[in-house]
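Descriptive analysis of the structure
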Amino acid sequence: MINTYDFQIEHPREFTQLAVRDLLFLYYRCPQVERKVKLYTHYHKIMFVLDGKKMIHHRDKSWLLTSGKACLLKRTAYQQERFTEVEWEVLCFYIPDSFFRQFFKEYGNQLPVKGLPSTPPDMLLEINVSETTRAFFYSIVPYFSQQPASSETLLELKFKELLFNIFSNPANKGLLAYARSLSDSHKPLLAEIMEANYTFNLSLADFARLSQRSLAAFKRDFAQYYQTTPGKWLTQKRLGYAEHLLETSNKTINEITDECGFENATHFS
């Protein structure tokens, strides 16, 4: 599967970018050709749609992203669907967990953190876009053509301004609750990563990256938590989901193979 962060870093002509260490601003028109592609990101990313539309699918949920909408996509695998009649022009901001921790350490006491709801479980969280936040997004566009380029210090401040704008909006309390939870732990919970992504055909190295661990640490922590190997656990989980689909849907074997994360129908059989 394609890691979007790696792919976009490697193709700066298609994805105009500004970077501060692992923080990444992108401004682009999506070059996706296939109707649907499976992707994953090991960093959280905030997207704001300037024009066009795309559909994001994760398991049995879907979200339509159209002009003027914004969302936070958690570190996860997902399926992206294009519409042939329109392009998709978007701003994208990749943010590692460490930056969320740094942000809350600096500004947490200035945010409305009292009475927050429980952390939303969905892998995509819609962002309520206020007029201030909308103005911020459009103010970012000129930075991509500015010469000389802006300093890393200024770009980092713009990242913080973006988060402050979003989290200060009372309509984004669920999002604030999730971001705050990231600041309370140094590594993602393995169970959350595995349960959210076992139906995608990711390698063990991909799962390790999603969980912010080395491959060796991932295997060690996995064995301690699940008392089995990642390969055995994934096979059993995928077979269980396939059984559910066989009993409750009219999907073909090929469709079920794809939806459950098996490499091919022969492997599934």
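Structure shown above.
For the structure given in this document, a descriptive report is provided here. (Residues numbered from 1 in each chain as written. Predicted model: local features only at pLDDT ≥ 70, side-chain atom pairs only at ≥ 80, totals over all residues. Heavy atoms only, no water.)

Observations concerning the overall build of the chain
The criterion, for reference: Note on conventions: DSSP H or I runs of at least 4 residues are helices, E runs of at least 2 residues are strands, and numbering of each starts at the N terminus. The size measure is the radius of gyration over C-alpha atoms, and the globule rule it meets is 2.2 Å times the number of residues to the 0.38 power. Here the term buried applies to any residue with accessible area under 20% of the maximum for its type, exposed to any over 50%, and partly exposed to those in between, with areas from a 1.4 Å probe on protein chains only. In what follows, residue pairs with any heavy atoms lying within 4.5 Å of each other are defined as contacts. The Shrake-Rupley method, run with a 1.4 Å probe sphere, supplies the accessible areas, and residue values consider only the shown protein chains as cover. Here Asp and Glu are counted as negative and Lys and Arg as positive; His is not counted, and neither are the chain ends. The location of each charge is read from NZ of Lys, CZ of Arg, CG of Asp or CD of Glu.
Each helix and strand in the chain was counted, giving 11 helices and 10 strands. For the chain, the C-alpha radius of gyration of 19 Å lies close to 18 Å, the compact-globule estimate for 269 residues. The principal-axis extents of the C-alpha atoms in the chain amount to approximately 55 × 45 × 35 Å. The burial tally for the chain puts 48% of its 269 residues in the buried class. Taking all contacts inside the chain whose residues are at least 6 apart in sequence as the whole, residues at least 24 apart take part in 74%. Summed over all atoms, the accessible surface of the chain reaches about 13,300 Å², with 50% contributed by carbon and sulfur. The averaged location of the 30 negative side-chain charges in the chain is 4 Å from the averaged location of its 32 positive side-chain charges.

Comments concerning the state of the cysteines
We count it as follows: Note on disulfides: each one is a pair of cysteine sulfur atoms within 2.5 Å.
The full count for this structure, using the stated rule, is 0 disulfides. Cys92 supplies the cysteine sulfur nearest to Cys71, a cysteine that is in no disulfide, at a spacing of 8.8 Å. Under the relative-accessibility criterion, Cys71 is labelled buried at 0%.

Here we look at helix H10 (residues 253-260)
Which entries qualify depends on this criterion: Working note: the arc is built from the helix axis to C-beta atom directions.
Residues Ile256, Thr257 and Cys260 constitute the buried set of H10. Along the axis of H10, the buried residues cluster in a sector spanning 105°; they form a single face. The secondary structure elements touched by the buried residues of H10 are helix H9 (230-248) and helix H11 (265-268).

Concerning the packing of aromatic side chains
Under the convention used in this document: Each Phe, Tyr or Trp ring, with Trp reduced to its six-membered ring, pairs with another whose centre is within 6.5 Å; inter-plane angles below 30 degrees give stacked pairs, above 60 give edge-to-face pairs, and intermediate values give tilted ones.
Going through the model one piece at a time under the given rule, you end up with 28 aromatic pairs. Pairing Phe93 with Phe137 gives two aromatic rings, centres 5.8 Å apart and planes at 45°, and the pair type is tilted. Residue Phe93 is found in strand S9 (residues 88-95), and its partner Phe137 is found in helix H3 (residues 131-140); the two are separated by 44 residues along the sequence. Residue classification places Phe137 among the buried positions, given a relative accessible area of 0%. Through a chain of ring-to-ring contacts, the aromatic side chains of Phe25, Tyr27, Phe48, Phe93, Phe99, Phe136, Phe137, Tyr138, Phe144 and Phe159 assemble into a single cluster.

Some thoughts on the pattern of salt bridges
Applied cut-off: For salt bridges, the criterion is a side-chain nitrogen of Lys or Arg within 4 Å of an Asp or Glu carboxyl oxygen.
By the definition in use, this model includes 16 salt bridges. Glu81 is the salt-bridge partner of Arg35, the closest N and O atoms lying 2.8 Å from each other. Of the two residues, Arg35 is situated in the loop between strand S3 (23-29) and strand S4 (36-41) and Glu81 in strand S8 (residues 76-82); the sequence distance between them amounts to 46 residues. The class for Glu81 is buried, based on a relative accessible area of 12%. For Lys160, the salt bridge goes to Glu106, with nearest N and O atoms at 3.1 Å. Placement of the pair is Lys160 in helix H4 (residues 152-168) and Glu106 in helix H2 (residues 97-107), with a sequence separation of 54 residues. We classify Lys160 as buried; its relative accessible area is 10%.

Some words on the pairing of strand S7 (residues 70-73)
Consecutive residues of a regular strand have side chains that alternate between opposite faces of the sheet. Defined as follows: In short, DSSP must find at least two bridges between two strands for them to pair.
Alternating residues of S7 divide into Ala70 and Leu72 and Cys71 and Leu73, and every residue in both groups is buried. As paired strands, strand S5 (residues 44-58) and S7 are joined by 4 bridges and run antiparallel to one another. Its bridge partner lying in S7, Phe48 is registered against Ala70. The pairing of S7 with strand S10 (residues 124-127) spans 4 bridges and is classified as antiparallel. Considered in S10, the bridge of Leu73 is made with Leu124.

Regarding the pairing of S9
Most of S9 is tucked away, with 8 of its 8 residues classed as buried. Going residue by residue along S9, you find Trp88, Val90, Cys92 and Tyr94 tucked away on one face and Glu89, Leu91, Phe93 and Ile95 tucked away on the opposite face as well. Pairing analysis gives 6 bridges linking S3 to S9, with the strands arranged antiparallel. For Phe25, the partnering residue across the bridge sits in S9 and is Phe93. Bridge count between S5 and S9: 8 bridges; the pairing is antiparallel. Bridge pairing in S9 links Ile46 to Phe93.

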